Every structure is written in structure tokens, then in C-alpha cells.
Amino acid sequence: MCIFIENWYEHKAYFTPKSCNYALITIAFLVSNPIVSNLRTMKNRLLNCSLAVLVFCGSYSMTQTVSAKQPVKIAQSVWKLFSAPDGSFRILMPGTPQTTKQSVSTKSGNIELNMFTVERQQEEVKYVVGYVDYSSEYIELLNRNNLVDKALDNGQDSVIKKAKGTLVSEKKITLGQYPGREINYNKPGEKVVKQRIFLVDKRLYQISAETTKKRRKFLTKSIGGFLDSFNVSSK
């Protein structure tokens, strides 16, 4: 609008929205020009035009730096809270786990092993939660004879032997009031495993993460977060 008015008074100028100082000079010129003083009826129009120029300058400088139409991209985490179908435990897993069941033969009879697995092939890592339920009589026998720690030790030895692994480290841990173990061991094929075992009432939980020696240093936080997020539901 201001360029149009300047041409009308034959005052040539090149106005750019970034030059707000020039807009103020233009306003002063329009008000003081003799031709404008002879056209008092245009006063309100000129003032309205001047305000429009100032508003235009301010809004233009803002739209140069902020665009409301630009889409905002938010990274979505692959880690989701997973709850067991029976509601017994919760844990963070990087995807929807595959559920499998298999029968395991023990001295006290066959028991069912339930496993929940997420394998991230591109990262060369596998996250697993598994559990078995023992009979109430067996757990009572362990408690009565103070054999819980011995049973956990035997359990971790059995896990390592079955995997044909080599123990690297072990320590006693707890999950609230429940006893447990944390073990690190190596497997054939340059594989490494970090696993936690907990006896919760009559259920034995095994939470493990398996990766390669080459990838281990890149997955330390992910594996630690996975193991730390495990929790059993309160009764």
C-alpha cells in the first residue's frame, strides 16, 4: 500500500519489509508533504495506511523466523511397557514380544516354561523374560530346610551348563523381599549374556539380555534399563 501512495505523489522509493526505519521516514513525508495538507479528508486513510505499514513490518520479520506450517517430527521410542498376560509382572521391552511355551523335565516332574522374547537383529541383541511355576510342596520344602540359596545357585549353574557357557561374574541380589542372582557369562560364537534370576513365591523368573562382544559396549544402557525395569505385581 505504501508503494502505491508514494507513486501517487511521484515519490519513487524501493521499500523492503526489513527496513522499518524507512517506513517511519515515509510516514513523516506523507504527513508533511504540502499536497497531503491540502487533502485533509485523506488524513484518516493515511494514518490507517501508516499503522498498516508498521504492523506489516513487525509481522513480516516474525514470519521470516517462525513457520507455523512446518511439521514437527518427534522421535518415537521402541521401548514399551509390557505386562504379562496373567498380570504377574511388568517390564520395558523394545517391541512386542513373541510368546512361547515348552515343557521342561525336572526331578520333580514336568514343568511349563513360559518365555517372552524380543530379538533386534539389526542390533544383534535378544531380550528374554521367562518363568516356571513350581509346586507349593517343593517351595515349602526349600523354605523349611533353608535351601532357597542352594536352589538359586543350582539354577544358575544349570542355565550356564545348558548354554555351554563360561561364568564371568555372579552376585546375590534381591527384588524387594525376594532373593535372586545376577550372572554374566560368555557363550560360544562370541556371545555374552547378562541375566537375573528371582524366586518370587513359587515362581522362578529369568530375565536376560544376549548380544555379541562387539556390540556389548553400545548396548550397556539399553540392557541395564531393561533389567532394572522388571517388577512383579503386588498381590
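See the structure shown above.
Residues numbered from 1 in each chain as written. Predicted model: local features only at pLDDT ≥ 70, side-chain atom pairs only at ≥ 80, totals over all residues. Heavy atoms only, no water.

> Could you give an account of the pattern of salt bridges, with specific residues and numbers?
Scanning the model with the defined rule gives 12 salt bridges in all. Ionic pairing is found between Arg-203 and Asp-86, a salt bridge with its closest N-O pair at 3.1 Å. Of this pair, Arg-203 sits in strand β9 (residues 203-212) while Asp-86 sits in the loop between β1 (80-83) and β2 (89-93); the two residues are 117 residues apart in sequence, bridging distant segments of the chain. In this structure Asp-86 comes out as partly exposed when scored by relative accessible area, which is 45%. Asp-228 is the partner of Arg-196 in a salt bridge, and the nearest nitrogen-oxygen pair spans 3.0 Å. One end of the pair, Arg-196, is in strand β8 (residues 191-200); the other, Asp-228, is in helix α8 (residues 220-228), with 32 residues separating them in the sequence. Classification of Arg-196 by relative accessible area gives buried; the value is 15%. Here the residues in one salt-bridge network are Lys-171, Glu-182, Lys-194, Arg-196 and Asp-228, joined through shared partners. (Salt bridge = Lys/Arg side-chain N within 4 Å of Asp/Glu carboxyl O. Helix = DSSP H or I, 4+ residues; strand = E, 2+ residues; numbered from the N terminus. Buried < 20%, exposed > 50% of the residue type's maximum accessible area, 1.4 Å probe, protein only.)

> How would you summarise α8 if you had to cite specific residues and measurements?
Ile-223, Phe-226 and Leu-227 are the residues of α8 that are buried. Projected onto a plane normal to the axis of α8, the buried residues spread over an arc of 95° and lie on a single side. In α8, the exposed positions that point more than 90 degrees away from the buried face belong to Lys-221 and Asp-228. (Arc of directions from axis to C-beta.)

> Explain the environment of Ser-136 to me, using residue names and the numbers behind them.
Considering the arrangement of structural elements, one finds Ser-136 in helix α5 (residues 136-144). Placed 67 residues apart in sequence, Ser-136 and Arg-203 show a C-alpha to C-alpha distance of 9.7 Å.

> If you had to explain the side chain of Ser-88 to someone new, which residues and values would you point to?
Tracing the backbone shows Ser-88 in the loop between β1 and β2. A residue is classified by how much of its surface remains accessible, and Ser-88, at 15% relative accessible area, is buried. Excluding anything up to four places from it in sequence, Ser-88 contacts Arg-203, Tyr-205, Val-232 and Ser-233. (Contact = heavy atoms within 4.5 Å.)

> Can you lay out the pairing of β1 for me, pointing to particular residues and giving the numbers?
In the case of a regular strand, side chains alternate between the two sheet surfaces. As paired elements, β1 and β2 share four bridges and run antiparallel to each other. Considered in β2, the bridge of Leu-81 is made with Leu-92. Once β1 ends, the chain turns through five residues before running back antiparallel as β2, passing Gly-87 with a positive phi of about 75°. (Pairing = 2+ DSSP bridges.)

> Before we move on, could you go through the sheet that holds strand β5 (residues 125-133) and cite the residues and values that matter?
One open sheet accounts for seven strands, arranged β3-β4-β5-β9-β8-β7-β6; its pairing is antiparallel. The strands lining the two open edges of the sheet, one partner per strand, are β3 (98-106) and β6 (166-175). Between one strand axis and the next, the sheet turns by 20° as a mean value, whatever way the strands run. Strand direction decides the pairing type here: β6 and strand β7 (residues 178-187), joined by nine bridges, are antiparallel. The partner of Thr-166 across the bridge, within β7, is Asn-186. (Axes fitted to C-alpha atoms, helices over the stretch in contact; angles between N-to-C directions.)

> How would you sum up the nonpolar core? Please name residues and give values.
Among the nonpolar cores identified, the biggest contains 25 residues, and Phe-89, Ile-91, Tyr-127, Tyr-205, Ile-207, Phe-226 and Phe-230 are the most heavily contacted of them. Only β2, β4 (109-120), β5, β6, β8, β9 and α8 provide two or more residues apiece to this core. The element contributing the most residues to this core is β5, with four residues. Among all residues touching Phe-89, those that are not within four sequence positions of it are Phe-82, Ser-83, Ala-84, Phe-116, Val-129, Tyr-131, Tyr-205, Phe-230, Asn-231, Val-232 and Ser-233. Membership of the second largest hydrophobic core comes to 11 residues, among which are Leu-113, Ile-139, Val-148 and Leu-199. (Core = buried A, V, L, I, M, F, W, Y, C linked by side-chain atoms within 4.5 Å.)

> With reference to specific residues and values, describe the sheet that holds strand β10 (residues 231-232).
Pairing in this open sheet of three strands is antiparallel, and the strands run β1-β2-β10 from one edge to the other. Edge strands, defined here as strands with exactly one partner in the open sheet, are β1 and β10.

> Provide a residue-level description of the side chain of Thr-212, including the pertinent values.
Along the polypeptide, Thr-212 turns up in strand β9. A relative accessible area of 10% places Thr-212 in the buried class. Within polar-contact distance, the side chain of Thr-212 engages the backbone nitrogen of Arg-215 at 3.2 Å. With residues up to four places along the chain from it excluded, the contact list for Thr-212 reads Glu-124, Glu-190, Lys-191 and Val-192. (Polar contact = N/O pair within 3.5 Å; in protein donor to acceptor, adjacent residues only side chain to side chain.)

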